[in-house]
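Residue-level listing of the chains:
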Amino acid sequence: MGTWVEAMRSGRFEDAWQISEATLAERDPATRDDAALPYHLRWVWDGRSFDDRQVLVRCYHGLGDTIQFARFLPLLARRAASLTVEVQPRLLPLLADLAEREFELRPFDPAHPLPPSECDLEITELDFALGARPDAAPPPYLCAQPAALPPRSVAFCYGAGDWDPSRCVPQELLAPLCRHAPCVTLMAEPCSLDVLNPGGCAFDMAETAALIAGSELVITVDTMVAHLAGAMGRPVWLLLKADPDWRWPTQGTSTPWYPSMRLYSQPRAGDWDSVLEQVDADLKARSTIMAER
């Protein structure tokens, strides 16, 4: 069966859930949602039934994790008596349409989390709890009004934050891409490249989603932007380090999480030059085809 990471990367979700089931059986119930641990290290669901129960979903991980697993919330809502989702405040406007009348959104305040409900789950546990593969709730499940951008515009994001510098691409490697199409940056910082918004994109979900919706292609490293573009069903090229996160396959160029996504993986650790050379060639070919239409 291999490890959980191996199973998830290869799309063997049932095997991954069996491993999760065994892990859950071995846990000490007294350590559930342990307040002594950082939120991202906690486990929440203890295996109890959520059918016809008052259910609380907690979002203890990153923005990208919440966006990735939000697809399963309507499935859970249809089985629960009621569903409340304690979500990062930045994502409240983005998830409002998804919630509609099916579940309630509440802002997550780490200093004052909501009290337990009849059944609590962490959002990244939903595939396991529901036994639901990604195609059970395919994109697009998020949407936004598109920004007014020129035809064939490309949006890019080259940084993933200080917490994982190995995911970041040197800004100058993206310079050749700006020759093929009008470009916008999704980075929350000034950009020295030839882009339409050299002042950068504010760290605002509505603005980011609007630029993604208005672009014909998103090129990004593994960060929240990748999940947002994929959740919106937008064409997105994802730049991956040689040993990527558990959710991305190490073979091939596609992922079951986001059918509109194409993967570009480093052939060896640290080799972004090869990745960007291939992206540049593919973008040039794509731009030529689009211009001839």
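Above this text is the structure in question.
Residues numbered from 1 in each chain as written. Predicted model: local features only at pLDDT ≥ 70, side-chain atom pairs only at ≥ 80, totals over all residues. Heavy atoms only, no water.

As a further point, take the overall build of the protein chain. On a plain count of helices and strands, the protein chain comes out with nine helices and nine strands. For a compact globule of 293 residues, the expected C-alpha radius of gyration is about 19 Å, and the protein chain comes in at 20 Å, within 12% of that figure. Within the protein chain, contacts between residues separated by at least 24 positions form 64% of all contacts whose residues are at least 6 apart in sequence. Per element, the accessible surface of the protein chain, about 13,400 Å² overall, is 52% carbon and sulfur. Both charge centroids of the protein chain, one from 26 positive and one from 41 negative side chains, sit 4 Å from each other. (Helix = DSSP H or I, 4+ residues; strand = E, 2+ residues; numbered from the N terminus. Rg over C-alpha atoms; globule rule 2.2 N^0.38 Å. Contact = heavy atoms within 4.5 Å. Areas by Shrake-Rupley, 256 points an atom, 1.4 Å probe, with all protein chains shown as cover. Lys, Arg positive; Asp, Glu negative; His and termini not counted. Charge placed at Lys NZ, Arg CZ, Asp CG, Glu CD.)

Let us look at the environment of Asp 33. Structurally, Asp 33 can be placed in the loop between helix H2 (13-26) and strand E1 (54-58). In this structure the C-alpha to C-alpha distance between Asp 33 and Leu 121, which are 88 residues apart in sequence, comes to 9.7 Å. Not counting residues within four places of it along the chain, the set of residues in contact with Asp 33 comprises Arg 42, Trp 43, Val 44, Arg 58 and Tyr 60. One polar contact links Asp 33 to Arg 42, side chain to side chain, over a distance of 3.2 Å. (Polar contact = N/O pair within 3.5 Å; in protein donor to acceptor, adjacent residues only side chain to side chain.)

A few words on helix H7 (residues 205-214). Counting buried residues in H7 gives eight out of ten residues, a clear majority hidden from the surface. Next to the buried residues of H7 lie helix H3 (63-69), helix H5 (92-99), strand E6 (183-185), strand E7 (217-221) and helix H8 (224-231). Near the N-terminus of H7, the side chain that reaches the backbone nitrogen of Ala 206, with its oxygen 3.2 Å away, is that of Asp 204. (Buried < 20%, exposed > 50% of the residue type's maximum accessible area, 1.4 Å probe, protein only.)

Now for the nonpolar core. Formed by 93 residues in total, the largest nonpolar core has its most connected members in Leu 142, Phe 156, Ile 219 and Leu 239. Among the elements that make up this core, the one with the highest residue count is H8 (six residues). (Core = buried A, V, L, I, M, F, W, Y, C linked by side-chain atoms within 4.5 Å.)

Next up on the list: the packing of aromatic side chains. Across all of its chains, the model carries 15 aromatic pairs by this definition. Measuring from centroid to centroid gives 6.3 Å for Trp 248 and Tyr 258, while their planes differ by 40°, and the two rings are tilted. Here Trp 248 is found in the loop between strand E8 (236-240) and strand E9 (261-265), whereas its partner Tyr 258 is found in the loop between E8 and E9, with ten residues between them in sequence. Given the relative accessible area of 0%, Tyr 258 is considered buried. Aromatic rings pair up to connect Trp 4, Phe 13, Trp 17, Phe 69, Phe 72, Trp 246 and Trp 257 into one cluster. Taking the ring centre of Tyr 39 as reference, the NZ or CZ of Arg 42 above it sits at 3.9 Å. A cation sits over an aromatic face here: Arg 42 above Tyr 60, 5.7 Å from the ring centre. (Phe/Tyr/Trp six-rings, centres within 6.5 Å; stacked < 30°, edge-to-face > 60°. Lys NZ or Arg CZ within 6 Å of the ring centre and 35° of its normal.)

These values are about where atoms sit, not about what they do.
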